Amino acid sequence: MKRVQCPNCGAIVEYDDKSVWEGNRDFEEVNCPNCDEYLTRVFTDGFPNPHIIKK
Ligand SMILES: [Zn+2]
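Here's what I pulled together on the structure shown here.

Reading the values: rules and limits
- Residues numbered from 1 in each chain as written.
- Predicted model: local features only at pLDDT ≥ 70, side-chain atom pairs only at ≥ 80, totals over all residues.
- Heavy atoms only, no water.
- Donors = N, O, S within 2.8 Å, 3.2 Å for Na, K, Ca; no water.
- Tetrahedral: all angles 85-135°; square planar, octahedral: opposite > 155°, others 65-115°.
- Buried < 20%, exposed > 50% of the residue type's maximum accessible area, 1.4 Å probe, protein only.
- Phe/Tyr/Trp six-rings, centres within 6.5 Å; stacked < 30°, edge-to-face > 60°.
- Lys NZ or Arg CZ within 6 Å of the ring centre and 35° of its normal.

Another aspect to go through is the coordination of the zinc ion. Distances from the zinc ion to its protein donors, Cys6 (SG), Cys9 (SG), Cys32 (SG) and Cys35 (SG), fall within 2.3 Å. Taken together, the 4 donor atoms coordinating the zinc ion span angles of 106 to 115° at the metal, a pattern that classifies the geometry as tetrahedral. The sequence pattern formed by the donor residues of the zinc ion is C-x2-C-x22-C-x2-C. The exposure class assigned to cysteine 35 is partly exposed, which follows from its relative accessible area of 27%.

Right under this line is the structure:
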């Protein structure tokens, strides 16, 4: 898990950046669940599933 702070609303957002299968990965965008600001993107085969730790 990684954490990033939203530059727009200041929320601390935690997201999943782990990847299980090699070779099946793609870039997934991570947006702030609070204000929908684009935060980052992760290279994963899953879904980053971002959620707010602290507003
Ligand atoms: Zn935000």
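Additional details are given in the paragraphs that follow.
In total, this model carries 1 aromatic pair according to the counting rule given. Its guanidinium or amino end placed over the ring of phenylalanine 27, arginine 41 lies 4.2 Å from that ring's centre, counting from NZ or CZ.

Structural measurements only, silent on function.
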